[in-house]
Amino acid sequence: KMRTSDLVREHADAGPAAVCRALNRNLFEHKLGSDLYATLFLAIFEPTTQRWRACNCGHPLPILLGADGTPRPGAIPDEGELPLGVANQPEQYGPQSEITWESSPGDVLLLFTDGTYEAVHAETGERCGVENFRRLASGAYRLNPDASLPDELLDRMEAEGYRIDGDDCCVVGVRLLPPESLLIEREV
């Protein structure tokens, strides 16, 4: 995590793919072992254009919800690279690896680990699945748009009988506020 933070600071101006390329190279230079790899979805938001630039390294594709909670499937291109640490080829994580999409004020970008949509129902043993997870996310947001969406979503999953304690269930929500509701501004 610390090395990723350093590399983001060093390479962010070159774009998310450059950060991923540097991180992948770092994994290989330190010979962390052939059985070690990491997934990563790294996105940079450009507020002046309302566009995201991202590189997906084997991570689940985020969900984009509109300001009203409606899922926007297909808004984020489903293209990606291998997880970090799997291979170290010169063509990996180049500019062609980046994906872009536009957002609007009020949109919510929901990032999550695979353990969330792979959560198993306590009674039926069925996995939640991506489509059902998307439905639950939309419902949680519509039910309480001012609440913490990750908390609401995980609570809703448990209420519907999904066991979120069996694997890594992590959810992060990024809400794009309209400029007039900006509370604090800082550059990272």
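Residues numbered from 1 in each chain as written. Predicted model: local features only at pLDDT ≥ 70, side-chain atom pairs only at ≥ 80, totals over all residues. Heavy atoms only, no water.

**Student:** Please clarify how a nonpolar patch on the surface should be interpreted in this entry.
**Tutor:** A cluster of nonpolar side chains, Tyr37, Leu82 and Val86, forms an exposed patch at the surface whose accessible area comes to about 290 Å². Tracing the chain through its elements places Leu82 in the loop between β3 (63-65) and β4 (98-102). (Patch = residues over 30% accessible without salt bridge, like charges linked within 9 Å, V, L, I, M, F, W, Y side chains within 5 Å. Areas by Shrake-Rupley, 256 points an atom, 1.4 Å probe, with all protein chains shown as cover. Salt bridge = Lys/Arg side-chain N within 4 Å of Asp/Glu carboxyl O. Helix = DSSP H or I, 4+ residues; strand = E, 2+ residues; numbered from the N terminus.)

**Student:** Help me out: how do you make sense of the packing of helix α1 (residues 2-11) against helix α2 (residues 16-29) in this one?
**Tutor:** Packed helices, taken two at a time, are described by their axes: the angle between them and the distance between them. Axis separation between α1 and α2 bottoms out at 9 Å; the angle between their running directions is 135°. On the basis of the axis angle, α1 is oblique to α2. For the crossing formed where α1 meets α2, the hand is right-handed. Seen from α1, the contacting residues are Arg3, Thr4, Leu7, Val8 and His11; seen from α2, they are Ala18, Val19, Ala22, Leu23 and Asn26. In terms of residue class, the contact of α1 with α2 is made up of six nonpolar, three polar and one charged. (Axes fitted to C-alpha atoms, helices over the stretch in contact; angles between N-to-C directions. Parallel < 35°, antiparallel > 145°, perpendicular 65-115°, else oblique. Left-handed = near helix turned anticlockwise from the far one by under 90°. Contact = heavy atoms within 4.5 Å. Nonpolar A, V, L, I, M, F, W, Y, C, P; charged D, E, K, R; others polar.)

**Student:** It is not clear to me how the pattern of salt bridges should be interpreted in this structure. Could you clarify?
**Tutor:** Side-chain pairing between opposite charges can occur once the charged atoms of the two side chains come close. By the definition in use, this model includes nine salt bridges. Measuring nitrogen to oxygen at the nearest pair gives 2.7 Å for the salt bridge that ties Glu131 to Arg134. A residue pair is termed a helical-turn pair when its members lie 3 or 4 positions apart in one helix, as Glu131 and Arg134 do in helix α4 (residues 130-143) at three residues. A relative accessible area of 57% places Glu131 in the exposed class. Judged by its relative accessible area of 16%, Arg134 falls in the buried class. Note that Arg135 and Glu160 form a salt bridge whose closest N and O atoms lie 3.1 Å from each other. In this pair, Arg135 sits in helix α4 while Glu160 sits in the loop between α5 (149-159) and β7 (162-163), placing the two residues 25 residues apart along the sequence. Each of Glu46, Arg53 and Glu98 takes part in one network of salt bridges that share partners. (Buried < 20%, exposed > 50% of the residue type's maximum accessible area, 1.4 Å probe, protein only.)

**Student:** Teacher, can you tell me more about the nonpolar core here?
**Tutor:** Most often, soluble globular proteins have nonpolar side chains that are buried together. In this structure, Leu110, Phe133, Leu149, Leu153, Met157 and Val171 are the most contacted members of the largest nonpolar core, which totals 21 residues. At the level of elements, β3, β5 (108-112), α4 and α5 are the ones that each hand at least two residues to this core. Top contributing element to this core by residue count: α4, with five residues. Excluding residues within four positions of it along the chain, Phe133 makes contact with Ile63, Phe112, Thr116, Tyr117, Cys128, Leu153, Met157 and Val171. Ranked by size, the runner-up nonpolar core spans 13 residues in total, among them Ala17, Val19, Leu42 and Leu84. (Core = buried A, V, L, I, M, F, W, Y, C linked by side-chain atoms within 4.5 Å.)

**Student:** I'm lost on the packing of aromatic side chains in this one. Help?
**Tutor:** Centre-to-centre distance and the angle between the planes together describe a pair of aromatic rings. Tallied over the full model, the rule gives five aromatic pairs. When the ring of Phe41 is compared with that of Trp101, the centres are 6.3 Å apart and the planes differ by 45°; the resulting orientation is tilted. A residue pair is termed long-range when its members are at least 10 positions apart, and Phe41 in strand β1 (residues 40-46) and Trp101 in strand β4 qualify at 60 residues. Summarising the burial analysis for this pair, Phe41 and Trp101 share the class buried. Following the ring pairs from residue to residue traces out a cluster consisting of Phe41, Phe45, Trp52 and Trp101. (Phe/Tyr/Trp six-rings, centres within 6.5 Å; stacked < 30°, edge-to-face > 60°.)

**Student:** How should I be thinking about the sheet that holds β1 in this particular structure?
**Tutor:** Strands in a sheet are paired, the pairing made by backbone hydrogen bonds, and the direction either parallel or antiparallel. Strands sit in the order β1-β2-β4 across an open sheet of three strands; the sheet is antiparallel. Strands at the two margins of the open sheet, each flanked by one partner only, are β1 and β4. Each strand axis lies, on average, 25° off the axis of its neighbour in the sheet, ignoring direction. One ladder, built from seven bridges, connects β1 with strand β2 (residues 51-57); its direction is antiparallel. The partner of Phe45 across the bridge, within β2, is Trp52. (Pairing = 2+ DSSP bridges.)

**Student:** Sorry if this is basic, but what is going on with unusual backbone geometry here?
**Tutor:** Phi is mostly negative for residues that are not glycine, and the peptide bonds are mostly trans. Backbone geometry at Gln50 places phi at a positive 60°, although glycine is not the residue there. Here Gln50 falls in the partly exposed class, since its relative accessible area comes to 25%. A positive phi angle, near 55°, is found at Tyr93, a position not held by glycine. By secondary structure assignment, the location of Tyr93 is in the loop between β3 and β4. On the basis of relative accessibility, which here comes to 0%, the residue Tyr93 falls in the buried class.

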